Amino acid sequence: MLRNRTTAQEAAEDIFFGQLVMNWARWFVIGAAAILILGTAERTTDLVFGIWPVVGLMAVNFYLHGRRIGERPANPRLIMLASVLDVAVITVVILTGLGAGLGDGIHSPFFVAYYPVVLAFAFVMQPRTTVVYTVAVLAAYAGACVLADGTTVLSSSAELEKLAARLITLAAVGGLGTYFWRIQRRRRHALLAEEPGVANHPAGS
Amino acid sequence: MFRNGVPRVESDDDLAHGQSVIIAARWILVVAGLVLAIWNPGGLVELQVAIVVILGLALGNFALHTQVLGKGPSMARVVYAASVADLAAISLLIISGGGFPAAPYVFYLPALLAISVTFRTEVMALYTAAALGAYGLIAVVTASGGDLLTVLIELLVLAAVPVCGNVYWRLERDRRSRAGQQTEVDPLTSQAAEGSWPRPA
């Protein structure tokens with residue numbers, strides 16, 4: 001019941017409601033990946049290999065979106081797995097320059113796909129988990145840039161500045177997402193506490 | 001005004017809570033923008049523009065922040081105008097840096113995120129359209145034909161972040177509404193909220 005919900009129950013509700021945001025974020029990433037791969041393919045083999053990440057993410061999102069519509073929401077482990085897969089796919093696209101023409105590493109325009117993914121994660125998961133995830137995403141992106149073209153990134157002040165701006169704003173999106181998550185939780189607790197005869201929420205804030 | 005008992009406009013409470021996210025996002029823009037502007041200045045005029053814009057934002061944000069700390073009432077028009085100023089400032093930084101490809105493009109994202117969790121959907125859509133229009137226009141004028149795909153992807157993500165933010169804002173609004181309604185009937189049917197997952201509207 002509402003009055004006696006535990007932290008675990010509230011976290012489960014966060015995941016149930018919030019996974020819709022994750023689904024939306026993933027559809028945007030799929031759209032961006034499709035534009036990138038369809039638009040830059042120069043040979044049929046580019047498209048044959050390049051389209052797989054898009055197909056893979058679509059399959060994941062059909063499954064998760066379908067479960068949610070059927071009121072059988074994915075559990076935290078599945079959500080985590082899907083979120084890690086999102087980051088892995090984006091990082092591989094950046095690292096390999098999949099879709100060729102537009103460049104890899106720091107030159108890949110696909111880094112923007114991290115933003116909605118990190119934001120959706122921050123809205124759904126507990127702050128501690130979000131911090132770990134956001135730091136992992138930052139490390140993955142910085143690592144991909146260095147691995148793809150380390151000499152350019154590390155020796156050019158302009159490229160380093162570009163990387164720093166991206167990492168700072170990516171961290172900011174994760175931080176602001178989790179900040180708003182906290183605000184919303186406080187508001188729900190305050191709403192319940194205001195009701196006559198209702199004890200303070202046991203989940204704390 | 002109401003749909004399923006849920007007000008369609010953001011309440012003062014929404015604005016007050018969202019405003020703190022906007023202020024936090026603006027401080028990030030100010031600090032990061034200043035550091036990055038000084039790090040590798042492109043030219044004197046570019047640096048002058050950047051410093052004037054960033055310090056102007058800092059002054060405005062300080063005024064808003066003191067109002068929040070003093071628990072003063074949220075002035076909706078000021079919050080709306082300050083958000084317009086954020087988007088204008090980022091666009092100005094991009095223009096002063098020579099347009100596309102633009103490193104400050106990424107600053108749109110936290111700014112739009114903060115807007116999307118503060119304002120109702122229609123207002124969020126207006127701000128997002130304004131940002132898309134401004135950046136699109138800058139790209140049309142300064143980008144080459146080969147940059148079309150990059151511009152498209154950047155515009156898509158520029159829409160993605162506020163859409164995700166607003167979806168979450170609406171979900172949370174519905175959750176609060178449902179929690180309030182269920183608590184009202186709770187004394188008689190305390191087990192009513194148990195057993196099944198509530199279905200979001």
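How each quantity is defined
- Residues numbered from 1 in each chain as written.
- Chains lettered and ligands numbered in written order.
- Predicted model: local features only at pLDDT ≥ 70, side-chain atom pairs only at ≥ 80, totals over all residues.
- Helix = DSSP H or I, 4+ residues; strand = E, 2+ residues; numbered from the N terminus.
- Buried ≥ 20, exposed ≤ 12 C-beta atoms within 10 Å, placed from the backbone.
- Contact = placed C-beta atoms within 7 Å.
- Axes fitted to C-alpha atoms, helices over the stretch in contact; angles between N-to-C directions.
- Parallel < 35°, antiparallel > 145°, perpendicular 65-115°, else oblique.
- Left-handed = near helix turned anticlockwise from the far one by under 90°.
- Nonpolar A, V, L, I, M, F, W, Y, C, P; charged D, E, K, R; others polar.
- Core = buried A, V, L, I, M, F, W, Y, C linked by C-beta atoms within 7 Å.
- pLDDT = per-residue confidence, 0-100.

Digging into the overall build of chain B
Alright, step 1. When helices and strands are counted, chain B shows six helices and two strands.
Alright, step 2. The secondary structure elements of chain B, listed N-terminal to C-terminal, are β-β-α-α-α-α-α-α.
Alright, step 3. The buried share of chain B, taken over its 201 residues, is 39%.
Alright, step 4. Of the contacts made within chain B by residues no fewer than 6 positions apart, 75% connect residues no fewer than 24 positions apart.

Looking at unusual backbone geometry
Trans peptide bonds make up most of the peptide bonds, and negative phi angles are found at most residues other than glycine.
Alright, step 1. Here the residue pair Phe100(B) and Pro101(B) is connected by a cis peptide bond, since its omega of -5 degrees sits within 30 degrees of zero.
Alright, step 2. When you line up the elements, Pro101(B) lands in the loop between α3 (76-96) and α4 (108-116).

Topic: the packing of helix α6 (residues 157-194) of chain A against α4(B)
Alright, step 1. Relative orientation of the contacting elements α6(A) and α4(B) amounts to 15 degrees, with a least axis distance of 9 Å. Judged on the interaxial angle alone, α4(B) and α6(A) are roughly parallel. With respect to the hand of their crossing, α6(A) and α4(B) are arranged in right-handed fashion. On α4(B), the residues touching Thr169(A), Ala172(A), Val173(A) and Leu176(A) of α6(A) are Leu109(B), Pro110(B), Leu113(B) and Ala114(B).
Alright, step 2. Its residues placed into classes, the contact of α6(A) with α4(B) shows seven nonpolar, one polar and no charged.

With respect to the interface of chain B and chain A
Alright, step 1. Facing the 47 residues of chain B at the interface are 51 residues of chain A.
Alright, step 2. Elements with a contribution of two residues or more to the side of chain B that touches chain A: α1 (12-39), α4 and α6 (148-185) of chain B.
Alright, step 3. Among the elements that take part in the side of chain B that touches chain A, α6(B) stands out by supplying 22 residues, more than any other.

Quick notes on the nonpolar core
Alright, step 1. Residues Val21(A), Ala25(A), Leu119(A) and Cys164(B) are the most contacted members of the largest nonpolar core, which totals 108 residues.
Alright, step 2. The dominant element in this core, judged by the number of residues it contributes, is helix α1 (residues 7-40) of chain A, at 16 residues.
Alright, step 3. Setting aside its immediate chain neighbours within four residues, Val21(A) contacts Ala120(A), Phe123(A), Val124(A), Cys164(B), Val167(B) and Tyr168(B).

Regarding the confidence of the model for chain B
Predicted coordinates in areas of low pLDDT are best not read in detail.
All names here are of chain B.
Alright, step 1. This prediction gives chain B a mean pLDDT of 82; 83% of its residues lie at or above 70.
Alright, step 2. The least confident element of chain B, judged by mean pLDDT, is strand β1 (residues 2-3) at 46; the most confident is helix α5 (residues 121-142) at 95.
Alright, step 3. Predicted confidence for residues 1-6 stays below pLDDT 50, and this span has 11 contacts to residues more than four positions away or in other chains.
Alright, step 4. Under a pLDDT of 50 for its full length, residues 183-201 has, in the predicted model, 26 contacts with residues more than four places off or in other chains.

Describing the environment of Glu161(A)
Alright, step 1. Along the chain, Glu161(A) falls in helix α6.
Alright, step 2. On the neighbour-count criterion, Glu161(A) (16 C-beta atoms within 10 Å) is partly exposed.
Alright, step 3. Those residues within four positions of Glu161(A) in sequence are excluded, and the remaining contacts are Leu36(B), Trp39(B), Asn40(B) and Ala103(B).

Observations concerning the packing of α4(B) against α5(B)
Residue and element names in this part refer to chain B.
Alright, step 1. Viewed as axis vectors pointing N to C, α4 and α5 meet at an angle of 165 degrees, and their least axial separation amounts to 9 Å. On the basis of their axis angle, the class for α4 and α5 is roughly antiparallel. The two elements α4 and α5 meet at a crossing, and its hand is right-handed. For the pair formed by α4 and α5, the contact residues are Tyr108, Leu112, Ile115 and Ser116 on the first element and Met124, Tyr127, Thr128, Ala131 and Tyr135 on the second.
Alright, step 2. Here the residues of the contact of α4 with α5 are counted per class, giving seven nonpolar, two polar and no charged.

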